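A closer look at the structure
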Amino acid sequence: TDEVEMYSLFGLLLLIGANQDRQQHARDLWSDEIGRPIYTATMSRNRFIQLLRFIRFDDRETRENRRQNDKFAPIRDIWTRFEKTLSSCYTPTANTTIDEMLSLFRGRCGFKVFMKDKPGKYGMLIRLIADAEQRYVIAAEPYTGKDGASKQDRGPTEVVKRLVSTIKGTGRNVTTDRYYTSVDLAETLWLDFKLTLVGTIQANRKHIPEKLKKTEDRELTLCLYSSKFRPPPVTLLSYCRKEKPKTLLLMLSTQHQDGEIVDNEKKKAVINMYYNANKG
């Protein structure tokens, strides 16, 4: 092969993704009846399949040694290069979101996961930070299991710190779900990264007062605030849904310093509405 043919291969892969054809078999993509002419004009189907079968992204001779400490070793180098270009090609808006994506896959893989709540259930888990408005991925980190890393390095706080490193010191907001959110993380992002945090939070996290966990004899929305003289200004919100049995929604914010109600009928606060707008 040569450089021109490899660029043609990557161009085809991008087109297949853009045309939402990645679930189709190659024989259909190159079909005279239902295929796309641009695929046939670029290269033959057999050549396309052959290149995909033999393409590799690292040194095969040293792969097994590297694989002992990194299950992602066969593609780690090109993944790292790709991730570095993400932040260099785009400037995020003021609102970002951290979440997980399950890349569906049922083949052989040492770090394939099962998530019963996802439609596909099996696949590779990728944790990422994206622009909440344009949905552009800023940084991404594949989950490859323990990989010999310490428990502390695998914790949700450490994952967030690694993902937000590309926007450190920019004053942007990060929206997270309850798996990542904690008071300690909010303080770390505020003091060390100059970022604000908005997210749902689990009731069993540290620093959550018992008053916010009750569902009886209370208002629908309660807010507590840390001292204004001790940064960061952490706001904790407890929203009690009217349905029976009553359920709680606990939220944390360092971007909002009040519990202003914007939905008078449901008594939803600005923090709640902001989270709904950016997390989706």
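Please refer to the structure placed before this passage.
No experiment lies behind these values; they were computed from the predicted model shown.

1. Overview of the overall build of the protein chain
From N to C terminus, the protein chain includes 10 helices and 11 strands. The principal-axis extents of the C-alpha atoms in the protein chain amount to approximately 70 × 45 × 35 Å. Sorting the 280 residues of the protein chain into buried and exposed places 38% on the buried side. Across the protein chain, the fraction of contacts at a sequence separation of at least 24, relative to all contacts at a separation of at least 6, is 51%. Between the mean site of the 48 positive side-chain charges and the mean site of the 36 negative ones, the protein chain shows a separation of 5 Å.

2. Brief notes about the environment of M115
With respect to the helices and strands, M115 occurs in the loop between β2 (113-114) and β3 (122-131). Taking C-alpha positions, M115 is 32 Å from T235, a pair spaced 120 residues apart along the chain. Setting aside residues no more than four positions away along its own chain, M115 makes contact with E100, L102, K121 and L125.

3. Describing the packing of aromatic side chains
On inspection of all chains with the given rule, the structure shows 8 aromatic pairs. An aromatic cluster of three or more residues is present, and its members are F72, W79, F82 and F111. We note K168 situated over the ring of F193; from NZ or CZ to the ring centre the distance is 5.2 Å.

4. Considerations on a nonpolar patch on the surface
Together, Y7, F10, L13, L52, F57, I75 and I78 make up an exposed nonpolar region whose accessible area comes to about 580 Å². Only α1 (3-18) and α6 (73-88) provide two or more residues apiece to the nonpolar patch. Among the elements that take part in the nonpolar patch, α1 stands out by supplying 3 residues, more than any other.

5. Observations regarding the environment of E210
Structurally, E210 is set in the loop between β6 (196-200) and β7 (221-225). A C-alpha to C-alpha distance of 28 Å links E210 and T97, two positions 113 residues apart in sequence.

6. Quick look at the packing of α1 against helix α4 (residues 45-54)
Across the interface, α1 lies against α4 with an axial gap of 11 Å and an inter-helix angle of 100°. In terms of their interaxial angle, α1 and α4 are classed as roughly perpendicular. For the pair α1 and α4, the contacting residues are E5, L9, L12, L13 and I16 in the first and R47, F48, L51 and L52 in the second.

7. Looking at helix α10 (residues 270-279)
Restricting attention to buried positions, one finds in α10 the residues I271, N272, Y274, Y275, N278 and K279. Down the axis, α10 shows its buried residues gathered within 165° of arc, on one side only.

Here is what the cut-offs are and how they apply
- Residues numbered from 1 in each chain as written.
- Predicted model: local features only at pLDDT ≥ 70, side-chain atom pairs only at ≥ 80, totals over all residues.
- Heavy atoms only, no water.
- Helix = DSSP H or I, 4+ residues; strand = E, 2+ residues; numbered from the N terminus.
- Buried < 20%, exposed > 50% of the residue type's maximum accessible area, 1.4 Å probe, protein only.
- Contact = heavy atoms within 4.5 Å.
- Lys, Arg positive; Asp, Glu negative; His and termini not counted.
- Charge placed at Lys NZ, Arg CZ, Asp CG, Glu CD.
- Phe/Tyr/Trp six-rings, centres within 6.5 Å; stacked < 30°, edge-to-face > 60°.
- Lys NZ or Arg CZ within 6 Å of the ring centre and 35° of its normal.
- Patch = residues over 30% accessible without salt bridge, like charges linked within 9 Å, V, L, I, M, F, W, Y side chains within 5 Å.
- Areas by Shrake-Rupley, 256 points an atom, 1.4 Å probe, with all protein chains shown as cover.
- Salt bridge = Lys/Arg side-chain N within 4 Å of Asp/Glu carboxyl O.
- Axes fitted to C-alpha atoms, helices over the stretch in contact; angles between N-to-C directions.
- Parallel < 35°, antiparallel > 145°, perpendicular 65-115°, else oblique.
- Arc of directions from axis to C-beta.

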